[in-house]
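Geometric and topological summary
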Amino acid sequence: MSDDGPGGASSPATEWKLPSVRKVAMISLITAESALFCIFLVAYAFYIGKSLNPPSPKEILEWPILASIALLSSSGTIVFAEKALYGGRLARFHCWWLVTILLGMTFLGYTAREWYEFIHHRHFTLATNVFGSTFYSLIGLHVSHVIAGLVLLLLVFAMSLVGKVRAEHHEHVEMVSWYWHFVDIVWVVVFVVVYVIGR
Amino acid sequence: MGAGRKALPGLVQELVYTVDHKKLGMMYLGSGLVFFMLAGIMAVAIRVQLAVPNNHFLNPSAFNQFFTMHGTTMVFLVGMPLILGLANYLVPIMIGTRDMAFPRLNAFGFWIFLFSGFLLYFSYLGGSGVYGIGSAPDVGWFAYSPLTAKAFSKGHSTDYWTLSLLAGGIGSIATAINLIATIFCLRCRGMTLNRMPLFVWLNAVVAFLIILAMPPLSACQIMLCLDRYLGAKFFDTQAGGSAILWQHFFWIFGHPEVYILILPAFAIISEVIPVFSRKPIFGYPIMVMASVMIAFISLGVWAHHMFTVGMSSVSNTFFSASTFVIAVPTGIKIFNWIGTMYGGKLRMELPLLFSIAFLFQFLIAGLTGVMLATTPFDWQLNDSYFVVAHFHYVLVGGLLFSIFAAFYYWYPKMIGRMLDGAMGRWHFWLFLVGFHLTFFPQHIMGILGMPRRIYSYPADRGWEIGNLLSSIGVIFQATGILIFLINLLYSYYRGRRAGDDPWDAWTLEWATTSPPAEYNFEKLPEVHSARPLWDLKHPDEPDWKHN
């Protein structure tokens, strides 16, 4: 096109800058995922106290303090890992990344134990009452996101072990960390709704 | 030139492997048209059954399956792919880039959509087989609980419906994310947000609506699956579950879905009317603002589908009022389109004809919409044929007419040949007459008390003439569609060569060859105004000097 005139914002002097494709796509994905979580959260909140038969949340739920601390602190360690990668200190990056993975697995382990206890010993399942339906579907949805996050984290870890992750890939890694932060923030909401308000 | 002139095996291979947004766009359009014919055949069967009282052309269960499949197909396998196909094809070219942001994700979106369609139609083979119509879903496209509970919907028909919609939802969310990333991150130099064609703007708004509204649909499909297979109690009223919750969740998706379908129609009209009036669109920033407003408000009106379920009068009032509010930005848009045509040099080509018909029909649809949003009026007419007439005025008179406009407008770009004008006019007039003949009497039948989804009716209710007219209208519509399909094929081989810019238009897709080369543009363009081609053709009087 002709560029002999004052083309407004695109005159040759000004630079043409657009947002990063990865960031915009990740924000959109997180928006969509939030909409998904909203519905399950609303269902959980709507059915609080509406079960016709036991158990009620009060009888069965215990505060997952340690698991929550593990998951929330993993949001911090992943930031340290990112910073280390950005600065090109790969060994440091590995360390923090591994710590993040271990913290995520701690959380997963806690949920596994909680569910085992509920299903195996207390015979409390998805089909027991509406509390069971909403509890397992909401926690299950979150845990499935934790698992997806862990798969991503492990993938990055494996690729970095064979030297495929370097400082110039920090944006890819940043996207994984955004996703992980999202999983964390969702946990805060789920924790409040299920373990605080719901009890 | 066109991909279709290759030998079939090579063509199939090319289509299966492709990640090109143009080919995927045309595949969306093609498969959308195939599903359109299937759903159309079911519509004809429904109208034949209802043409005269006490008819036994279809048995009741086949009738239930047909209206369910007709609705589900038209919304998810015709409306969505046609609009996503147009967006896929046009958005990257209009913003002057070479492909979508994630080409492989784009291909994934298409194939999972096609899979969801096959999955839904596979249900016809189950149960009592092809001749017994099989076990197609028969719970309505809204699948109200507890109709969908294991106790009332035995067999697997509802599972086909659920899994198909779940897959389709994933596909459209993927495509929407892709569109957002493409529109915001890949615009060519100088294509600022206030220079984007309205088509692109509206598709961005639609993509946002999709990522906000489709996940609730997926969520309630997951819940329904858990209910049916693992004994969960979400919608089981006997165990403390709520049937109303399904309606809330479904319409939280279902109402924005209407705008997901109608905003692309606005997008098409906003491209066609200026070009065929030889005037820039009137009030561009207001058009953008009105679209964003419509999308925003549409997220908060879902319960106007539920005035009769017994919500509190406060909620009824809220949802009634918020629905009224949508009429304001929509009215602004209609005024702006008329404002664009006012004083313009109108060229009565087919795209403009369809657009003008759209304006009138969408106006009627909007007015009946406001009527239905009035709670006491809705109490009278909920689940009557008035509602059927209303949403067919929206979806056929609105969306479908604009999609026809889009076909006549962009076919030359996609294929390189013009659609035949004489056949196009036959199509237009037959379809226009047929459309009004079919759906206008349904308003009156609704007011006379004819309920929706009834399989037959006695002769003494005063509904006979309306139903007969309505069924005759379908013949006109079907003939029109047939001529349109013949035209698509005929013009593919025999149509007049189009050249790069047959309509003397202004947006970037007309700056490249017809059909566009694999990479759209040899050299990525740079734009200085909202009408880059006008600037190019009129260097003495370019747009950017005026704004």
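Refer to the structure printed above.
Attention in this report is confined to the structure presented alongside it. Residue positions are given per chain, counting from 1 as you read along its sequence in written order. Chain letters start at A and ligand numbers start at 1, both assigned in the order the entries are written. Local features in a predicted model are, by the rule used here, given only for residues with pLDDT of at least 70; side-chain atom pairs are given and counted only at 80 or more, and totals for whole chains, interfaces and linings are based on all residues. Here the side-chain values reflect all heavy atoms present in the structure, with hydrogen atoms and water set aside.

1. Quick word on the overall build of chain A
Within chain A, the regular secondary structure consists of 6 helices and 0 strands. Starting at the N terminus and ending at the C terminus, chain A contains elements arranged as α-α-α-α-α-α. The globule rule used for comparison is 2.2 Å times the number of residues to the exponent 0.38, while the radius of gyration itself is calculated over C-alpha atoms. In terms of overall dimensions, chain A is more spread out than a globule: its C-alpha atoms have a radius of gyration of 22 Å, far above the 16 Å expected for 199 residues. A principal-axis box enclosing the C-alpha atoms of chain A has dimensions of 75 × 45 × 20 Å. Exposure classes here rest on a 1.4 Å probe applied to the protein chains alone. A residue is buried below 20% of its type maximum, exposed above 50%, and partly exposed in between. When each of the 199 residues of chain A is scored for burial, the buried share is 46%. Per-residue and other accessible areas were derived by the Shrake-Rupley procedure at a 1.4 Å probe size, with only the shown protein chains allowed to occlude residues. Split by element, the accessible area of chain A, about 9,600 Å² in all, is 69% carbon and sulfur. For this count, His and the chain ends are skipped, Lys and Arg are scored as positive, and Asp and Glu as negative. For this purpose, a charge sits on NZ of Lys, CZ of Arg, CG of Asp or CD of Glu. For chain A, the distance from the average site of its 13 positive side-chain charges to the average site of its 13 negative ones is 8 Å. Numbering of helices and strands runs from the N terminus, with a helix taken as a DSSP run of H or I at least four residues long and a strand as a DSSP run of E at least two residues long.

2. Examining the packing of aromatic side chains
Between two aromatic rings, the relevant description is the distance of the centres plus the angle of the planes. Any Phe, Tyr or Trp ring, taking Trp's six-membered ring, that has another such ring centre within 6.5 Å forms a pair; planes under 30 degrees apart are called stacked, those over 60 apart edge-to-face, and the others tilted. Across all of its chains, the model carries 71 aromatic pairs over all chains by this definition. Their ring planes at 40° and their centres at 5.2 Å tell us that Phe93(A) and Trp97(A) sit as a pair that is tilted. Pair noted here: Phe93(A) and Trp97(A) are both in helix H4 (residues 90-121), with a separation of 4 residues, about one helical turn. Residue Phe93(A) shares its accessibility class with Trp97(A), and that shared class is buried. Plain terms: the ring middles of Phe35(B) and Tyr121(B) are 5.7 Å apart, the flat faces sit at 35° to each other, and that makes the pair tilted. Of this pair, Phe35(B) sits in helix H2 (residues 21-50) while Tyr121(B) sits in helix H4 (residues 103-122); the two residues are 86 residues apart in sequence, bridging distant segments of the chain. Taking relative accessible area as the criterion, Phe35(B) reaches 5% and is therefore assigned buried. Members of the aromatic cluster, joined through ring pairs, are Phe354(B), Tyr393(B), Phe401(B), Phe404(B), Phe407(B), Tyr408(B), Phe428(B), Trp429(B), Phe431(B), Phe435(B), Phe439(B) and Phe484(B). Two limits define a charge over a ring: the Lys NZ or Arg CZ must be within 6 Å of the ring centre, and within 35 degrees of the ring normal. A cation over a ring is seen here: Lys50(A) above Phe46(A), with NZ or CZ 4.0 Å from the ring centre.

3. Observations concerning helix H3 (residues 60-94) of chain B
Residues and elements named next belong to chain B. Here a helix's expected span is defined as the number of its residues, less one, multiplied by 1.5 Å. Its 35 residues place the ends of H3 48 Å apart at the C-alpha level, agreeing with the 51 Å of an ideal helix rising 1.5 Å per residue. What is called the bend at a residue is the angle between a pair of axes, fitted to the seven residues leading up to and ending at it and to the seven starting from it. Of all bends in H3, the biggest is about 35°, found at Thr 73. Of all 35 residues that make up H3, 31 are buried, and the element is covered over most of its length. Gly 96 lies just past H3 and shows a positive phi near 70°.

4. Digging into the interface of chain A and chain B
In this description, contact between two residues means that some pair of their heavy atoms is separated by no more than 4.5 Å. If you look at the interface, chain A gives 41 residues, while chain B gives 46 residues. Throughout this description, the term salt bridge denotes a Lys or Arg side-chain nitrogen within 4 Å of a carboxyl oxygen of Asp or Glu. Here chain A is connected to chain B by 0 salt bridges. As used in this structure description, the phrase polar contact means that two N or O atoms lie within 3.5 Å; if the pair is within protein, one of them must be able to donate a hydrogen and the other to accept it, and residues adjacent in sequence are counted only when both atoms belong to side chains. Scanning the region where chain A abuts chain B turns up 6 residue pairs in polar contact (both at pLDDT 80 or more). Elements that contribute at least two residues to the side of chain A that touches chain B include exactly helix H1 (21-46) and helix H5 (130-161) of chain A. Per-element accounting of the side of chain A that touches chain B gives the leading share, 14 residues, to H1(A). Counted by class, the side of chain A that touches chain B contains 24 nonpolar, 14 polar and 3 charged residues. Residues are sorted three ways: Asp, Glu, Lys and Arg are charged, Ala, Val, Leu, Ile, Met, Phe, Trp, Tyr, Cys and Pro are nonpolar, and all the rest, Gly among them, are polar.

5. Side note on the environment of Ala267(B)
All names here are of chain B. The residue Ala 267 is located in helix H7 (residues 243-277) in this model. Separated by 184 residues in sequence, Ala 267 and Ile 83 place their C-alpha atoms 9.9 Å apart. What Ala 267 contacts, discounting residues up to four positions off in sequence, is Phe 199, Leu 202 and Asn 203.

6. Let's talk about the packing of H2(B) against helix H14 (residues 464-494) of chain B
All names here are of chain B. Whenever a helix is involved, its axis is fitted only over the stretch in contact; in every case the axis is a line through C-alpha atoms, and angles between N-to-C directions fall within 0 to 180 degrees. In contact at an axis separation of 9 Å, H2 and H14 are set at 160° when each is read in the N-to-C sense. Here H2 is positioned roughly antiparallel relative to H14, judged by the angle of their axes. As H2 runs across H14, the sense of the crossing is left-handed. Listed contacts from H14 to Leu 33, Phe 36, Met 37, Val 44, Arg 47 and Leu 50 of H2 are Asn 467, Ser 470, Ser 471, Val 474, Ile 481, Phe 484, Leu 485 and Leu 488. In the contact of H2 with H14, the residues fall into 10 nonpolar, 3 polar and 1 charged. Here the word oblique covers every angle except those under 35 degrees (roughly parallel), over 145 (roughly antiparallel) and from 65 to 115 (roughly perpendicular). In this scheme, a crossing is called left-handed if the near helix is turned counterclockwise away from the far one by less than a right angle; it is called right-handed if the turn is clockwise.

7. So, the nonpolar core
Among buried residues, those of type Ala, Val, Leu, Ile, Met, Phe, Trp, Tyr and Cys that are joined through side-chain atoms within 4.5 Å constitute a nonpolar core. Counting 234 residues, the largest nonpolar core has Trp97(A), Phe135(A), Leu263(B), Trp337(B) and Trp410(B) as its most contacted members. Residues within four places of Trp410(B) in sequence aside, it is in contact with Leu86(B), Leu90(B), Met94(B), Phe199(B), Ile268(B), Glu271(B), Glu509(B) and Trp510(B).

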